[in-house]
Amino acid sequence: MPDFDALLLARIQFGFTISFHIIFPALTIGLASYLAVLEGGWLYTRRQVYLDLYHFWLKIFAVAFGMGVVSGLVMAYQFGTNWSEFSRFAGSVTGPLLAYEVLTAFFLEAGFLGAMLFGLNRVGPGLHFMSTIAVAVGTLISSTWILASNSWMHTPQGYEIINGAVVPVNWLQVIFNPSFPYRLTHMVTAAFLSTALVVGSAAAWQLLQGRSNAAIRTMFSMAMWMIVCTAPLQLFIGDLHGLNTLKHQPAKIAAMEGNWENKPGEGVPLILFGIPDMAAETTRYKLEVPRLGSLILTHSLHGTIPALKDFAPEDRPNATIVFWTFRVMVGLGMLMILLGVVGLWLRRGRRLYESRAFLRFALAMGPAGLVAILAGWFTTEIGRQPWVVYGLMRTRDAVSAHGVGQLGFTLALFVVVYLVVFGAGTIYALRLIAVGPRTNEGDEPPDGGPGQSHHQMRPLSAAPDAPAGAGRTNPGVG
Amino acid sequence: MGVDLALIWAIIIAFGVMMYVIMDGFDLGIGILFPLADDDHDRDVMMNTVAPVWDGNETWLVLGGAGLLAAFPLAYAVILSAFYLPLILMLIGLVFRGVAFEFRFKATEEGRHWWDKAFTGGSIAAAFFQGVTLGAFIQGVPVSNGQYAGGPYDWITPFSMFTGVGLVIAYALLGCTWLIMKSEHALQTRMRELGVYLAWALFVVIVLLSGWTPLALPAIAERWFSLPNIFWFLPVPVLVVLAMFGLLRSLGSGAHVAPFLLTLALIFLSYSGLGISLWPNIIPPDISVWAAAGPDQSLGFALVGTLFIVPFILMYTAWAYWIFRGKVRRGDGYH
């Protein structure tokens, strides 16, 4: 067993690399579907605003997708480099699921991405729309497999343990494990909601700058509709997910609630604020509402749920962290619902685009979805500790036997490289967003300057010389 | 069962890795050759020849990793932790060169050269550390109780450093001949001249490796020179010489596509030589594919999908190459 410091460094490294990674797929899941809707809207209505918005968000999608690919590649290898004992123990389950993700999703996305980014004037609108849909579907298939794998690690079933390793015996049970449907819908909804917040924020920025055109108003309106629909839906799904967790991982719920012990006849309070102290086995400075915890989690005033002291100290997740990450997620979720509802109300007086206070609110909420996703993942992943495969393998037994020196070196390398690379990427994306959608972008002639001609895509209707492929002759073989 | 799932999976993974070496080979090669372009226009052309397809090329590497985890979890665990540092450095290289595709076109005029350097540096690092890992892998991985039993720096050997440099040269030649096929005028002429040097360099690498490997590794020497293996093996050097001869001729003759195809042949021959040297071990020197295989339930489940889906992947990948076929010109508007 490796010493504690090496384990901690390995965990920090995984947490760091996956936290960066998750942001990009969340955006690309949402943006790919949004782009499919925009292109569909353009093909159906032939309204120019949809095509302008498509061109605008495609550039940001491309940046996010590139960052998602390279940070995801790191993840695919990190299971082996840093968590080799886990791979040896459970690779027979997670490996085939990852292989299916590569085969059914990564290749699909990569195969059609080129046509989506660069191919509108080469393949025509019909095939191009199909490419956009293929990429969007790919992102959703990808989420399905990876969340099946992750959920299995939380709620394993359909396996036997033979010779110290997992052997899958029923793949349907493995994939459709108890927490999978909740985690999948929660995460995909989170991706759509986060993307809508980013889109809404980008539009709000333009409107606050005094730039208002049909495209900007359209994307603001679309984003606000999306938020008012998905934010309350997400609260509902999250509640179901929580009840599912209570059933399968009660220690996680106890840590999220910061509830150490049940007092007979008092039900469970809801602790609004406090600082759980793991060593002293108490939650300090707490502000609590009696019996509200019972009402939320058991839907009765007298029901109780297991408290932290019902679990052996070595089986308890760190409540200090998950208590707060959970509250950050829920708090931001409430603000999202508020944003959606106020937006709906402002539509009545046609003030949606005029109220500066509301636009500032929408602007500020831009990163809220992504922050909530990170907080939610911290809650569920730190909350399942000390297990890596729940009830089967402890995290400390899963790690590769690397020394502190190597792990410290690679961690420092990842921190520096990720901050530089993804910092630059974020700046580029924000710069593109700040420019805003341009009218008739697709009709502009390619200017041909070095590095300036990115993403020139003329729709067939406006480009008499297309399809461009016809003009290119292959000078022959040999 | 009657079906040898471990054997089938070994073939699938070997196929996936070969697809990766060929396809990401030429786009890493373009990164390696990037500083040799005359100006930003030529660099645009070079990058645009692979921008629509690089992501798909790299996906074969992910398939290799995922397939290894699915079918041979023991090999995945041992090999990836044995080559921890070179693999992490390779991944960091791939991060830099991967984002450069997008960032280069988003950066300001003054900032662009940084992403040119990231593209080149990342490509060289990725190619070099892949070669290093390959060399160290051929030399063997000590295993006890199913865990890597060597030290963290065992991979640093003269042999692995040489294979690292060798792979950089191989990828550079692939990139060079790819550009001969996809470019024209000054850039193409330049690549033709460069191709001759790179072809000779790769030939020297192949010859040296063919001598060094059996000298350093008696087990492989025995495998090569014993009967009847030697008859299986004999055509490989003959075909290498023929391919080399053809390559030099095609570089001088003004052919557009032949140099790339003949380089592919050279790479394929080297790869098959490697396969003959290692088979049936998946962790050299002595753990076979059967010893490292996961349970049949995993191999069978993943196999059904693979056999069904890979043909579709090959079809739409071919389509993606088809729509971006032909020469890429300066100032081409499609990127």
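Definitions and limits used
- Residues numbered from 1 in each chain as written.
- Chains lettered and ligands numbered in written order.
- Predicted model: local features only at pLDDT ≥ 70, side-chain atom pairs only at ≥ 80, totals over all residues.
- Helix = DSSP H or I, 4+ residues; strand = E, 2+ residues; numbered from the N terminus.
- Rg over C-alpha atoms; globule rule 2.2 N^0.38 Å.
- Buried ≥ 20, exposed ≤ 12 C-beta atoms within 10 Å, placed from the backbone.
- Contact = placed C-beta atoms within 7 Å.
- Pairing = 2+ DSSP bridges.
- Nonpolar A, V, L, I, M, F, W, Y, C, P; charged D, E, K, R; others polar.
- Expected span 1.5 Å × (residues − 1).
- Axes fitted to C-alpha atoms, helices over the stretch in contact; angles between N-to-C directions.
- Parallel < 35°, antiparallel > 145°, perpendicular 65-115°, else oblique.
- Left-handed = near helix turned anticlockwise from the far one by under 90°.

Secondary structure summary: chain A contains 14 helices and six strands in total. A compact globule built from 478 residues would reach a C-alpha radius of gyration of about 23 Å, and chain A, at 25 Å, matches this within 12%. A principal-axis box enclosing the C-alpha atoms of chain A has dimensions of 75 × 65 × 40 Å. Expressed as a percentage of its 478 residues, the buried residues of chain A come to 53%. For chain A, long-range pairs separated by at least 24 residues make up 75% of all intrachain contacts whose partners lie at least 6 apart in sequence.

A count of helices and strands for chain B gives 14 helices and four strands. The C-alpha atoms of chain B give 20 Å as radius of gyration, which agrees with the globular expectation for 335 residues (20 Å, within 12%). By principal-axis analysis of the C-alpha atoms, chain B measures approximately 55 × 40 × 40 Å. By residue count, 56% of the 335 residues in chain B fall in the buried class. Looking at chain B alone, contacts between residues at least 24 apart form 77% of all its contacts between residues at least 6 apart.

Looking now at the pairing of strand E1 (residues 159–162) of chain A. Residue and element names in this part refer to chain A. Pairing geometry for E1 and strand E2 (residues 165–168), over four bridges, is antiparallel. Opposite Ile 162, over in E2, you have Ala 165 as the bridge partner. Hairpin connection, E1 to E2: the antiparallel pair is bridged by two residues, and Asn 163 has positive phi, about 50°.

To continue, consider the interface of chain B and chain A. Reports often express the size of an interface as the amount of accessible area lost when the parts come together. Each side of the interface is counted separately: chain B has 70 residues, and chain A has 74 residues. At the level of secondary structure, the elements contributing two or more residues to the side of chain B that touches chain A comprise helix H2 (40–48), helix H3 (54–71), helix H4 (73–82), helix H5 (84–106) and helix H14 (296–323) of chain B. When residues of the side of chain B that touches chain A are assigned to their parent elements, the largest contribution, 17 residues, is made by H5(B). Here the side of chain B that touches chain A is composed, by residue class, of 40 nonpolar, 20 polar and 10 charged.

On to helix H7 (residues 158–182) of chain B, then. For H7(B), built from 25 residues, the straight-helix expectation of 36 Å at 1.5 Å per residue is met to within 8% by its first-to-last C-alpha distance of 36 Å. With 20 of 25 residues buried, H7(B) is to be regarded as a mostly interior element.

Residue and element names in this part refer to chain B. Locating Asp 296 in the fold gives a position in helix H14. Classification of Asp 296 by C-beta neighbours within 10 Å gives partly exposed; the count is 15. Each C-alpha atom, one on Asp 296 and one on Ala 37, is 51 Å from the other, the two residues being 259 residues apart in sequence.

Attention now moves to the pairing of strand E3 (residues 270–277) of chain A. All names here are of chain A. For E3 and strand E4 (residues 282–289), the ladder comprises six bridges, and the chain directions are antiparallel. Directly across from Asp 277, in E4, lies its bridge partner Thr 282. Linking two consecutive strands that pair antiparallel, namely E3 and E4, is a turn of four residues; a positive phi of about 55° is found at Glu 281 within it.

Geometrically, the link from A:Gln385 to A:Pro386 is a cis peptide bond, its omega value of 5° lying close to zero. The phi angle at A:Arg46 is positive, at roughly 60°, despite the residue not being glycine. Mapped onto the elements, A:Arg46 comes out in the loop between helix H1 (4–45) and helix H2 (48–81). Under the C-beta neighbour-count criterion, A:Arg46 is labelled exposed, with 11 such atoms within 10 Å. With phi around 55°, B:His185 is a residue other than glycine that occupies positive phi space. Within the secondary structure, B:His185 is located in helix H8 (residues 185–216).

Looking now at the packing of helix H1 (residues 5–33) of chain B against H3(B). All names here are of chain B. Two numbers describe how H1 lies on H3: the axes approach to 8 Å, and their chain directions differ by 155°. On the basis of the axis angle, H1 is roughly antiparallel to H3. The handedness of the crossing between H1 and H3 comes out as left-handed. Between H1 and H3, the residues in contact are Trp 9, Ile 12, Ile 13, Gly 16, Val 17, Met 19, Tyr 20, Met 23, Asp 24 and Asp 27 and Trp 54, Asn 57, Glu 58, Trp 60, Leu 61, Leu 63, Gly 64, Gly 67, Leu 68 and Ala 71, respectively. Among the residues forming the contact of H1 with H3, the class breakdown is 13 nonpolar, four polar and three charged.

Residues and elements named next belong to chain A. At a closest axis distance of 8 Å, the pairing of helix H6 (residues 180–208) and helix H11 (residues 356–364) adopts a crossing angle of 140°. Between H6 and H11, the angle is such that the two are oblique. Seen along the crossing, H6 lies across H11 with a hand that is left-handed. Here Gly 200, Ser 201, Ala 204, Trp 205, Leu 207 and Leu 208 of H6 lie close against H11, whose contacting residues are Arg 356, Leu 359, Arg 360, Ala 362 and Leu 363. Its residues assigned to classes, the contact of H6 with H11 comprises seven nonpolar, two polar and two charged.

What follows covers the environment of A:Leu197. Residue position: A:Leu197 is located in helix H6. Once you skip the residues sitting within four places of it in the chain, A:Leu197 turns out to touch A:Ile227, A:Met336, A:Met365, A:Gly366, A:Ala368 and A:Gly369.

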